[in-house]
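Spelled out, the chains give:
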Amino acid sequence: MKFLGNELDKLQWRSLNFIKQVKVSFLFKFFSILISFLLVRFLLKYLDIADYGLWSVILSFLHWIVFFDLGIANGVKNKLAESLSEENWDDARAYISSGYIALFFFASMVYLVVLAFSGLIDWQRLFNVYDYNNSFLAKLVLIILFFTLSNFVLSLINAVFNAVQRASLAVVNQFLTQLLSLVVVLLLITLSTSNLHLLALGYGLSMFISNLALTIWYFSKNKNLVPRLKYYDKQKLSPIIVLGLRFFLLQVTMMVILTTDRFILLQLTDRSEVARYDVVYRYFNVVMIFHTLINAPLWSMYTEAYQKKDHKWIEKTMKNLLILCGGYLGGLTALILMGDVVIDFWIDNDSLDLLTSNYIFMAVLIFFSIIHSILAYFTNGIGKTNMQLYTSIIGALINIPLSIYFVNELNLGLNGVVLATIISLFLFCALGPFQVIKEIKWLRNESGMATN
């Protein structure tokens, strides 16, 4: 990432690259979203609504494991971005190599532990499913877990893509995974009856092939960053772990807030309610997906801009993001009004019985998630995570009790768990803007002192 011009050239490059990354991301994400909607439609043809609910919960449950990487991926992303901003290629290669090796040993340890104790776990009770025996569920979990952990290591390439400010490649990766998954489901519909084990195997291979192909392609083009065992450096791993542990704590709290809804619903209601939640969430999450395309490239750009004390670019970017929130609000309102028509056309399944209130609650959740992510990407990018961590801990502590109260005592069903999540996110959404303003003022003062 060499800059041959003056400081103005660097600023222009960052802004032009941001626009390029967003354009490419939108193109591939558009097709990825179309495929994801087709996937849900065909999955509900391949599985009945109860099995689809089980499939959704197990995927969510195992994806929690990705949060327990000790923050290594995010640590690598920030440290790699810092090294590249200084054009320190030796450190960059050491951070990448150390990250891959650490993730490999961590993933191997997790799989061996679960494999050793899987026979002792009451999977039926854990997932509240009794029409499949414990052996069937254990095998299903181990298949998904193997591929989840394999891709857990390989997907570090996405952190590399973000650090080198080519976030669009991470979106290309998602597109390839979705495309391969759709092919797998269509083949399964043609060649077999409903089989969760085959579905798990096909999904896992889709992710594995996509991650591996892009990893080989990228490092073949950037040989100065190729990870090797000889570049592993304990001294480079230490700052990754120190920084990563802060992200890890954030990941744990956000996991409780954002990814437990399906599991709570499964325990308190039934698989059909989980399926309804999943469909409504996917429908409204389109807005969050498009926001992420804009927001994702900014993490490492904030890191670089903060290192260079470029308060003007940061301030302008934050203002533009907040202006976009008006557009998001209009889009979510339109989705509420069109909900019944679109979902009936999309799913063609009369058993969902969705209510207008389901749409409203989910739209509010997505809007708060967008505000939260705007603030969090900035504070994460500059490594100032204390306020986010404190508010997230409080949110995580109240999320599950509130969900249980709203579902059991107020009989709110899926609306109850969504409302609990909204309340848990609200804390940082309310306090985060004060931290952003404080950091921008500090940068402005530092820049003024440097000029003088």
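Structural data are supplied above this passage.
Quantities reported herein were computed from a predicted structural model and do not represent experimental measurements. (Residues numbered from 1 in each chain as written. Predicted model: local features only at pLDDT ≥ 70, side-chain atom pairs only at ≥ 80, totals over all residues. Heavy atoms only, no water.)

Asker: Help me out: how do you make sense of the overall build of the protein chain in this one?
Answerer: Secondary structure summary: the protein chain contains 17 helices and zero strands in total. The C-alpha atoms of the protein chain give 22 Å as radius of gyration, which agrees with the globular expectation for 452 residues (22 Å, within 12%). Along the three orthogonal principal directions, the C-alpha set of the protein chain runs to about 70 × 50 × 35 Å. Here the protein chain holds 452 residues, and 55% of them are scored as buried. (Helix = DSSP H or I, 4+ residues; strand = E, 2+ residues; numbered from the N terminus. Rg over C-alpha atoms; globule rule 2.2 N^0.38 Å. Buried < 20%, exposed > 50% of the residue type's maximum accessible area, 1.4 Å probe, protein only.)

Asker: Help me understand the packing of helix 3 (residues 72–85) against helix 10 (residues 234–258), please; the structure alone is not making it clear to me.
Answerer: In a packed pair of helices, the relevant descriptors are the angle between the two axes and the axis-to-axis distance. It is the contact of helix 3 with helix 10, at a shortest axis distance of 7 Å, that shows an interaxial angle of 125 degrees. Put simply, helix 3 runs oblique to helix 10. In the packing of helix 3 onto helix 10, the handedness of the crossing is right-handed. Note on element contacts: helix 10 touches helix 3 through Pro-239, Ile-240, Ile-241, Leu-243, Gly-244, Phe-247 and Gln-251, opposite Ile-72, Asn-74, Gly-75, Val-76, Asn-78 and Lys-79. Looking at side-chain class alone, the contact of helix 3 with helix 10 contains seven nonpolar, five polar and one charged residues. (Axes fitted to C-alpha atoms, helices over the stretch in contact; angles between N-to-C directions. Parallel < 35°, antiparallel > 145°, perpendicular 65-115°, else oblique. Left-handed = near helix turned anticlockwise from the far one by under 90°. Contact = heavy atoms within 4.5 Å. Nonpolar A, V, L, I, M, F, W, Y, C, P; charged D, E, K, R; others polar.)

Asker: Would you mind going over helix 6 (residues 134–154) with me for this structure?
Answerer: One turn of the α-helix equals 3.6 residues, which is why residues spaced by three or four share an orientation. Taking 1.5 Å per residue, 21 residues should reach 30 Å; helix 6 reaches 30 Å between its end C-alpha atoms and fits that length. For helix 6, a buried count of 16 out of 21 residues is recorded, marking the element as mostly surrounded by other parts of the structure. The residue sitting at the N-terminus of helix 6 and contributing the capping side-chain oxygen is Asn-133; that oxygen lies 3.2 Å from the backbone nitrogen of Ser-135. (Expected span 1.5 Å × (residues − 1). Polar contact = N/O pair within 3.5 Å; in protein donor to acceptor, adjacent residues only side chain to side chain.)

Asker: Looking at this structure, I do not really get the environment of Leu-266. What am I missing?
Answerer: Along the chain, the position of Leu-266 falls in helix 11 (residues 261–268). Given a relative accessible area of 0%, Leu-266 falls into the buried group. The contact partners of Leu-266, leaving out residues within four places of it in the chain, are Val-57, Phe-127, Asn-128, Arg-271 and Val-274.

Asker: How do you make sense of the pattern of salt bridges when you look at a structure like this?
Answerer: Charged atoms that come close allow side chains of opposite charge to pair. Applying the stated criterion across every chain, the model contains eight salt bridges. Here Glu-273 makes a salt bridge to Arg-276, at a shortest N to O gap of 3.0 Å. Note that Glu-273 and Arg-276 are positioned in helix 12 (residues 271–295) at a spacing of three residues, about one turn of the helix. Taking the relative accessible area as the measure of exposure, Glu-273 reaches 12% and is therefore buried. For Arg-276, a relative accessible area of 15% puts it in the buried group. Beyond isolated ion pairs, a larger network of salt bridges with shared partners links Arg-262, Asp-278 and Arg-282. (Salt bridge = Lys/Arg side-chain N within 4 Å of Asp/Glu carboxyl O.)

Asker: Explanation requested: the packing of aromatic side chains in the structure shown.
Answerer: Within a pair of aromatic rings, the relevant descriptors are the distance that separates the centres and the angle that separates the planes. The full count for this structure, using the stated rule, is 23 aromatic pairs. Between Phe-104 and Phe-105, the aromatic rings sit 5.6 Å apart at their centres with planes inclined by 75 degrees, giving edge-to-face as the arrangement. Look at Phe-104 and you get partly exposed, because its relative accessible area is 48%. Overall, Phe-105 belongs to the exposed group, its relative accessible area being 55%. Look at Tyr-111 and Phe-146: their rings are 5.8 Å apart centre to centre, the planes differ by 75 degrees, and that puts the pair in the edge-to-face class. Pair noted here: Tyr-111 is in helix 4 (residues 89–117) and Phe-146 is in helix 6, with a separation of 35 residues, a long-range link. An aromatic cluster is built from Tyr-100, Phe-161, Trp-217, Tyr-218 and Phe-219, whose rings are joined through pairwise contacts. The ring centre of Tyr-231 lies 4.2 Å from the NZ or CZ of Arg-93, which sits over that ring. (Phe/Tyr/Trp six-rings, centres within 6.5 Å; stacked < 30°, edge-to-face > 60°. Lys NZ or Arg CZ within 6 Å of the ring centre and 35° of its normal.)

Asker: Help me understand the packing of helix 12 against helix 15 (residues 356–381), please; the structure alone is not making it clear to me.
Answerer: Their axes nearest at 9 Å, the elements helix 12 and helix 15 cross at an angle of 25 degrees. It follows from the interaxial angle that helix 12 and helix 15 lie roughly parallel. Where helix 12 crosses over helix 15, the handedness of that crossing is right-handed. Seen from helix 12, the contacting residues are Tyr-277, Val-280, Tyr-281, Phe-284, Asn-285, Val-287, Met-288, His-291 and Asn-295; seen from helix 15, they are Asn-358, Tyr-359, Met-362, Ala-363, Ile-366, Ser-369, Ile-370, Ser-373, Ile-374 and Tyr-377. The residue inventory of the contact of helix 12 with helix 15, partitioned by class, reads 13 nonpolar, six polar and no charged.

Asker: Explanation requested: the environment of Ala-159 in the structure shown.
Answerer: Along the chain, the position of Ala-159 falls in helix 7 (residues 156–163). Look past the residues within four positions of Ala-159 in its chain and what remains in contact with it is Ala-73 and Lys-77.

Asker: What's the story with the nonpolar core in this structure? I'm lost.
Answerer: Within soluble globular proteins, side chains that are nonpolar tend to cluster in buried spots. One finds Trp-55, Phe-127, Leu-199, Phe-284, Ile-314 and Ile-343 to be the most contacted residues of the largest nonpolar core, which totals 99 residues. Broken down by element, this core gets its largest block of residues, 12 residues, from helix 12. Ranked by size, the runner-up nonpolar core spans 36 residues in total, among them Phe-161, Ala-163, Tyr-218 and Ile-240. (Core = buried A, V, L, I, M, F, W, Y, C linked by side-chain atoms within 4.5 Å.)

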